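Architecture and fold: a report
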Amino acid sequence: MITLDRQHSWFEQQLAAGRAQSLPQAPQWLQLAREDAIEAATQLPLHNRQHEAWRYTSIEGLLRASFTGDEQAHQQNQATIDDLLPPESDSHRVVLVNGQFNARLSTLADLPPGVRLESLRTALAADPDLLASWFGSIANHSESIFSALNTALINDGLFIHIDQDIELQQPIEVVYLNSGLNLSEDKQLMMHPRNLVVLQPGAKATLVERFVGAAPSRYFHNNLTEISLQQNAALKHYRIQDESRNAWHLSSISIEQQSHSDYRGVTLAFGGAWARTEYHLDFNNEHASCALHGLYLVGDKQLTDFHLTVKHRAADCRSREQFKGILYGGGRAVFDGHILVDKDAQRSDAQLSNHNLMLTRDAEVDTKPTLEIYADDVKCSHGTTIGQLDPQQLFYMRSRGIDETTARSMLCQGFAQEIIDQIDLQPLREQATERLVASLERVQPEIGR
Amino acid sequence: MNQMKPNTMLSINNLTVEVEGKTILHGLDLEIGKGEVHAIMGPNGSGKSTLSHTLSGRDGYQVTAGEALLDGEDLLSLETEERAHRGVFLAMQYPVELPGVNNMTFMRESLNAVRRARGEEELDAVSFIKLVRAKAAEVKLDPKLLKRDVNSGFSGGEKKRNEILQMALLEPRLAILDETDSGLDIDALRIVADGINALRSPDRSIILITHYQRLLDYIEPDFVHVLSEGRIVRSGDKQLALKLEEQGYGWITEEEEAA
Ligand SMILES: Nc1ncnc2c1ncn2[C@@H]1O[C@H](COP(=O)(O)OP(=O)(O)OP(=O)(O)O)[C@@H](O)[C@H]1O
Ligand SMILES: [Mg+2]
């Protein structure tokens, strides 16, 4: 059982532990934002079962751990880095090692004019006023103690700004390399990357985020990303969360969309012991659209949580969210999808679905799609299913000579492929498929018949 | 029991099968020789599909007595996939849809699994595509269907052709075709029949489950059996099928009762 006191003292402890690392010489507006966040955090209610957003996701384990932001701990040995770094790709690559920008591993040359892609630190030093106008305007700093902690401990992250009508051809790839090193049990690493992405009117880009962790290290990765899509802007946003199986991972993504902007996200979750991803998406102007496709593979000793809040605040917007989960062993998943349609958001078109494939009896999913509609002329629907592999399908495949393990794995892949296929970068799609197949093949014999 | 004739491929003796606690096959006997085509006819619900599922090892079909020997070896103790590896193929009455599983990938996986089991080399992607295209052309299956998900959204006839295509690829020793003719248009029936005839060989046996003489016009059976209430109640040559077509099953039941 956690108490409000426990929550506060944990927050204070992490604040103290991380403070030494937080950005020195922050501009005053940032200082203020930090203080606000700290202040707000003390006012937040307890994140427990009584709190709707935390109803199925216990933070107890996290509150029992304590973390450090120790500078030395951020040093990373080269061998681990080489192991973890995804294969070279045709992209502008930014690498954050344990939350800090690493210039040597990043390839920021050859950026076309009108495109800014740099570390948050660099951007703050070079153009604090530009940042000031966006920073914190999209996300709620104090949605939870974790977003407050991220804000209070801002250290580094990423700034992307694309000028009007610029179409960035090559994708931007952000790699978060995380490792807890060999810290002692009671001193695990935490990192709080903070990102700001602004697409000016008509700008187009593809953003890939990959989270990789050195197994079996324990750490707490707590990132917060703000995205603004101005009029007619279009962003494709792919995320592959493949943290260490012992890690805590929290991603909070806030997106605001102006008229005729388009957001297409694909989000895949494989790793982490406790992994939560929140999307807060607001349609602030008419005729905007978003499509978000998610996949989670959750096994023993894993909790994977997706929280979506889509707010139709203006008329004629269209949202699609499709999430699929494969659960095995004692895996636990939470899906909480909420669509809100304001009174004036007429002709909103929203669809939300969540389908779960349970490979074992012990796996568990809490799925809670909700629609909250105040307009009268809308087209909204949601649907969820929880099912098992179909014995008829397995029999059919086996009768053609395919062994049971392969048959199961093929059916699971068939279930998941639809989501992965939404990624329109071929190499990434292939890597994601390989990643999925590798785990499926590993888990199938375990679960047997 | 094991007095098998040298020419025997499949020998079924006193096969008794329960499904969900209910006995469906009541001591069925059937002997299939190498190279032979046997037609099995019989009223709805008499146990024809139960027989074919039992021979393929589907879960839930409890064998409570009797045996089935393939080449003298106990077939019923093998896993479903092992039976396929030994050359048993079942074209299903209701082929199953596999959404998300690509037809081509599925067939390659299947063929290579069977080839591995036979000690043959696996086919690489290129040779497989060549092979499957050629076989698809033989059974006049629209090549577009190869790119779709297995049976997903296929028409009834397309599903049946897809089954025949798989049979042609796997070249089974014992093919069981469960009502492959139902749902086929007249041209398709001809094509499917040609496909089956092409597979006829001295070392391959075929069990044709059907309700209609029409299929037997194209594929001439060596034997015709009537399955009723879980037993083979009558066996004969192709003349028996003609008689059934004219007179139905009533006369057999009457003769049974009289006897
Ligand atoms: N899974 C099952 N559960 C309960 N009863 C079953 C099951 N499978 C088959 N049966 C019953 O077994 C009997 C035989 O069915 P089967 O499908 O073998 O008949 P069939 O001869 O193939 O009929 P048809 O000509 O209609 O295809 C039927 O009464 C059927 O309802
Ligand atoms: Mg039947």
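So, here's what we can say about the structure. (Residues numbered from 1 in each chain as written. Chains lettered and ligands numbered in written order. Predicted model: local features only at pLDDT ≥ 70, side-chain atom pairs only at ≥ 80, totals over all residues. Heavy atoms only, no water.)

Thoughts on the overall build of chain A
Using the following cut-off: Secondary structure elements follow DSSP: runs of H or I no shorter than four residues count as helices, runs of E no shorter than two count as strands, and numbering proceeds from the N terminus. Our radius of gyration is a C-alpha quantity, and the globule rule it is checked against amounts to 2.2 Å times the number of residues to the power 0.38. Only protein chains enter the calculation, and the probe is 1.4 Å; a residue is then buried if its accessible area is under 20% of its type maximum, exposed if over 50%, and partly exposed in between. Note on contacts: a residue pair qualifies if any of its non-hydrogen atoms lie within 4.5 Å across the two residues. The method behind every accessible area is Shrake-Rupley, applied with a 1.4 Å probe, and residues are considered shielded solely by the protein chains displayed. Only four residue types enter the tally: Lys and Arg on the positive side, Asp and Glu on the negative side; His and the chain ends are excluded. For the purpose of locating charges, the reference atoms are NZ of Lys, CZ of Arg, CG of Asp and CD of Glu.
Along its length, chain A carries 10 helices and 21 strands. In summary, chain A has a C-alpha radius of gyration of 21 Å against a globular reference of 22 Å for 449 residues, a match within 12%. By its C-alpha atoms, chain A is 70 × 55 × 50 Å across when sized along the principal axes. Looking at chain A residue by residue over its 449 residues, the buried ones come to 61%. In chain A, of all internal contacts separated by at least 6 residues, the share reaching a separation of at least 24 is 85%. Approximately 17200 Å² of chain A is accessible, and the part contributed by carbon and sulfur atoms is 46%. One finds the centroid of the 39 positive side-chain charges in chain A at a distance of 5 Å from the centroid of its 58 negative side-chain charges.

What about a negative patch on the surface?
Residue and element names in this part refer to chain B. Rule in force here: Distance thresholds for patches are 9 Å for like charges and 5 Å for nonpolar side chains (Val, Leu, Ile, Met, Phe, Trp, Tyr), applied to residues having over 30% relative accessible area and no salt bridge. The term salt bridge refers to a pairing of a side-chain nitrogen on Lys or Arg with a carboxyl oxygen on Asp or Glu at a separation within 4 Å.
Judged by side-chain charge, Glu-229, Glu-254, Glu-256 and Glu-257 come together as a negatively charged surface patch. Within the secondary structure, Glu-254 is located in helix 10 (residues 250–258). Judged by relative accessible area, Glu-254 falls into the exposed class, the value being 56%.

Concerning unusual backbone geometry
Note the cis peptide between A:Ala215 and A:Pro216, where omega equals 0°. In this fold, A:Pro216 is placed in the loop between strand 9 (204–213) and strand 10 (219–229). Within the chain, B:Lys140 stands out as a residue other than glycine whose phi angle is a positive 50°. Tracing the chain through its elements places B:Lys140 in the loop between helix 4 (125–138) and helix 5 (144–147).

A look at the sheet that holds strand 5 (residues 73–74) of chain B
Residues and elements named next belong to chain B. Using the following cut-off: Only when DSSP finds a minimum of two bridges between them are two strands counted as paired. What counts as an axis is a line fitted to C-alpha atoms, over the stretch in contact for a helix, and the angles between N-to-C directions run from 0 to 180 degrees.
Strands sit in the order 2-1-4-5 across an open sheet of four strands; the sheet is antiparallel. Each of the sheet's edge strands pairs with one partner strand only, and the pair in question is strand 2 (22–33) and strand 5. Sheet analysis places strand 1 (residues 8–19) next to strand 2, joined by nine bridges and oriented antiparallel. Residue pairing across strands places Thr-16 opposite His-26, the latter belonging to strand 2. Contacts between helix 1 (residues 48–56) and the sheet are confined to strand 1, strand 2 and strand 4 (61–70), with strand 1 contributing the most and set at about 110° to the helix.

A few points about the coordination of the magnesium ion (ligand 2)
Residues and elements named next belong to chain B. Our working rule: Here a donor is an N, O or S atom found within 2.8 Å of the metal, or within 3.2 Å if the metal is Na, K or Ca; sites may look incomplete because water is not among the atoms.
Binding of the magnesium ion (ligand 2) to the protein goes through Ser-49 (OG) and Gln-93 (OE1), at separations of 2.0 to 2.1 Å. One end of the pair, Ser-49, is in helix 1; the other, Gln-93, is in the loop between strand 6 (88–91) and strand 7 (98–102), and 44 residues separate them in sequence. With relative accessibility at 16%, the residue Gln-93 sits in the buried group.

Description of the site of ligand 1
Residue and element names in this part refer to chain B. Note the following rule: A cutoff of 4 Å decides nearness: a residue is near a molecule or strand if any of its heavy atoms lies inside that distance of it. Whenever a nitrogen or oxygen atom comes within 3.5 Å of another N or O atom, the pair is scored as a polar contact, on the condition that within protein one atom can donate a hydrogen and the other can accept it, and that pairs from neighbouring residues in sequence are kept only if both atoms are in side chains. Throughout, the ten residues Ala, Val, Leu, Ile, Met, Phe, Trp, Tyr, Cys and Pro are labelled nonpolar, Asp, Glu, Lys and Arg are labelled charged, and all others, Gly among them, are labelled polar.
The full set close to ligand 1 counts 16 residues, and Gly-45, Lys-48, Ser-49, Thr-50 and His-211 are the nearest of them. Within the backbone of Ser-49, a nitrogen or oxygen atom sits 2.8 Å from an oxygen atom of ligand 1. Between ligand 1 and Thr-50, the relevant distance is 2.5 Å, taken from an oxygen atom to a side-chain nitrogen or oxygen of the residue. Taking 630 Å² as the accessible area of ligand 1 by itself, protein coverage stands at 67%. Where the shell around ligand 1 is concerned, the elements lending two or more residues are strand 2 and helix 1. It is helix 1 that provides the largest number of residues to the shell around ligand 1, a total of three residues. Class assignment of the residues belonging to the shell around ligand 1 gives a composition of four nonpolar, eight polar and four charged.

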